[in-house]
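In case you want the letters, here they are:
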Amino acid sequence: MGSLIRRIRGYAAVTDLSAAAGSIAPTSQPSVPVSELRRIERLRACGVELPDGQLADLTRRLIIAIHAGKGGVGKTTTARELAWIFDAVQLDFDWDEGGLSGLWGYRHETRVNAPLLDALETGKVPRPLKGDAFRADLVPGHPDLVENQPSADTTASLLEKWVQHWQRPVVVDNHPGGGSMAYGAMAAAQITVMPTPLEYLALKGLAGTLREMRGYNILIVPTIVPPVPPERMIAMLEDISQEYGVPVGPPISEVKAIKRRTRRQALTSIEPVPVTYANFVGDMKAVAKEVIDHAGRAA
C-alpha cells in the first residue's frame, strides 16, 4: 500500500508549467506532417519522449475510451481535457444532458441534423464540428441515442473506420454504466481510462466493472482526490488493482472551482494557467503521458 499512497500524495505538488512549456523538444522531423506538430508539442509538454515519427504514427490511430460505472466521477471533464491535449476528435456517446456536447456549447434543440445519429444510420463518416484554440473538435451526442444504439461490434467497426479516415486520435466519452455503444468503444480502444474517486461506493462499482471487463487495456485514474486522501480508500483501490491486474495512473486533484465553472474552454488550453487550476492541469498532463505509455505498449 505504501507505494500507492506515496504516488497519490506525490502528485499534490504544483506543477511548474512554465518550465514544462519551455522544455518542449524540437519537432522538426521531416517525416511528421505540419498538421501533427501541434499535437506532438502538446504531448512533449506532458513529458512524452517518443520520437516524433513514432508518436505521430501512434496517435493518428489512437482511440481512447473514457468509461465509468456511474456519473459524477469526473469522466466528462477528463475526456474534455485529454481531447484537447491530444488534439483529438471528441465523440460524445453520453445521451444525457451535461455531457461533452453541452460543455462544448452544442445544443441539439437548435440543430436540424444530428451528426452522430446520421453517421450511425448511414454508415458514413461524420464531419466533426470545428473547435478552436480552447476546444477540441466534436461529434456531438443526442438524446435519441438511448433508443438507437448499434451493437457493440458495429460500434467498434465504425470507430475503427472513422479514425482511419480522420487520421487523428479519438476520445470517446461513454455513457455512465455501459450499453452496447460503450462496450463497442472499449473494444475498439487501445486504452480505456476509468476515472474513479476515492470513495467506497465508487470503488465498489469499479470492482464490479473490472470483473466484467477482463482482457481490456484499462487504466484506473483516481479523480477528485483531496489534499489528504483517505488511506483506507487507497488500500481498497490497491487491492482492486492487484486483484484484476489493472494499473493505477496518476491521480487528479480535487478542485472545487471546477464544479462551479461554466466556461467552455479546456483548462489545459489556458495560458498562463490560473493558480487555482495549476495542480489539476499538471495532473491531466501526467495522465496524458501515462495514456501514451500504456497505449504504446498495447500497440
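First, a word on scope: everything that follows refers to the structure included in this document.

Each value, and the rule that gives it
- Residues numbered from 1 in each chain as written.
- Predicted model: local features only at pLDDT ≥ 70, side-chain atom pairs only at ≥ 80, totals over all residues.
- Heavy atoms only, no water.
- Phe/Tyr/Trp six-rings, centres within 6.5 Å; stacked < 30°, edge-to-face > 60°.
- Helix = DSSP H or I, 4+ residues; strand = E, 2+ residues; numbered from the N terminus.
- Buried < 20%, exposed > 50% of the residue type's maximum accessible area, 1.4 Å probe, protein only.
- Pairing = 2+ DSSP bridges.
- Salt bridge = Lys/Arg side-chain N within 4 Å of Asp/Glu carboxyl O.
- Axes fitted to C-alpha atoms, helices over the stretch in contact; angles between N-to-C directions.
- Contact = heavy atoms within 4.5 Å.

Moving on to the packing of aromatic side chains. All told, the structure shown has one aromatic pair when counted by the stated rule. Relative to Trp 166, the ring of Trp 162 has its centre 6.1 Å away and its plane inclined at 50°; by these criteria the two rings are tilted. Highlighted residues: Trp 162 and Trp 166, both in helix H8 (residues 152-166), separated by four residues, approximately one helical turn. There is no split in this pair, since Trp 162 and Trp 166 are both buried.

Let us now look at the pairing of strand S2 (residues 89-92). Alternating residues of S2 divide into Val 89 and Leu 91 and Gln 90 and Asp 92, and every residue in both groups is buried. As defined by bridge partners, S2 adjoins strand S3 (residues 137-139) across three bridges and the pair is classed as parallel. Within the sheet, the bridge partner assigned to Leu 91 lies in S3 and is Val 139.

This brings us to the pattern of salt bridges. All chains considered together, the criterion is met by 14 salt bridges. One salt bridge in this structure joins Asp 52 and Arg 44, with 2.5 Å as the shortest N-O distance. Across the pair, Arg 44 and Asp 52 agree in class, each one buried. Residues Glu 81 and Arg 80 are paired through a salt bridge, measuring 3.8 Å at the closest nitrogen-oxygen approach. Across the pair, exposure class does not vary: Glu 81 and Arg 80 are buried alike. Each of Glu 36, Arg 39, Asp 57, Arg 60 and Arg 61 takes part in a single network of salt bridges with overlapping partners.

Turning next to the sheet that holds strand S5 (residues 191-197). Reading across from one edge, S3-S2-S4-S1-S5-S6 is the order of the six strands in this open sheet, with parallel pairing throughout. Each edge of the sheet is formed by a strand with only one pairing partner; in this case those strands are S3 and strand S6 (218-223). Sheet twist, expressed as the mean angle between neighbouring strand axes with direction ignored, is 25°. Where helix H9 (residues 180-188) meets the sheet, it contacts strand S1 (63-66), strand S4 (170-173) and S5, and its direction lies at approximately 140° from that of S1.

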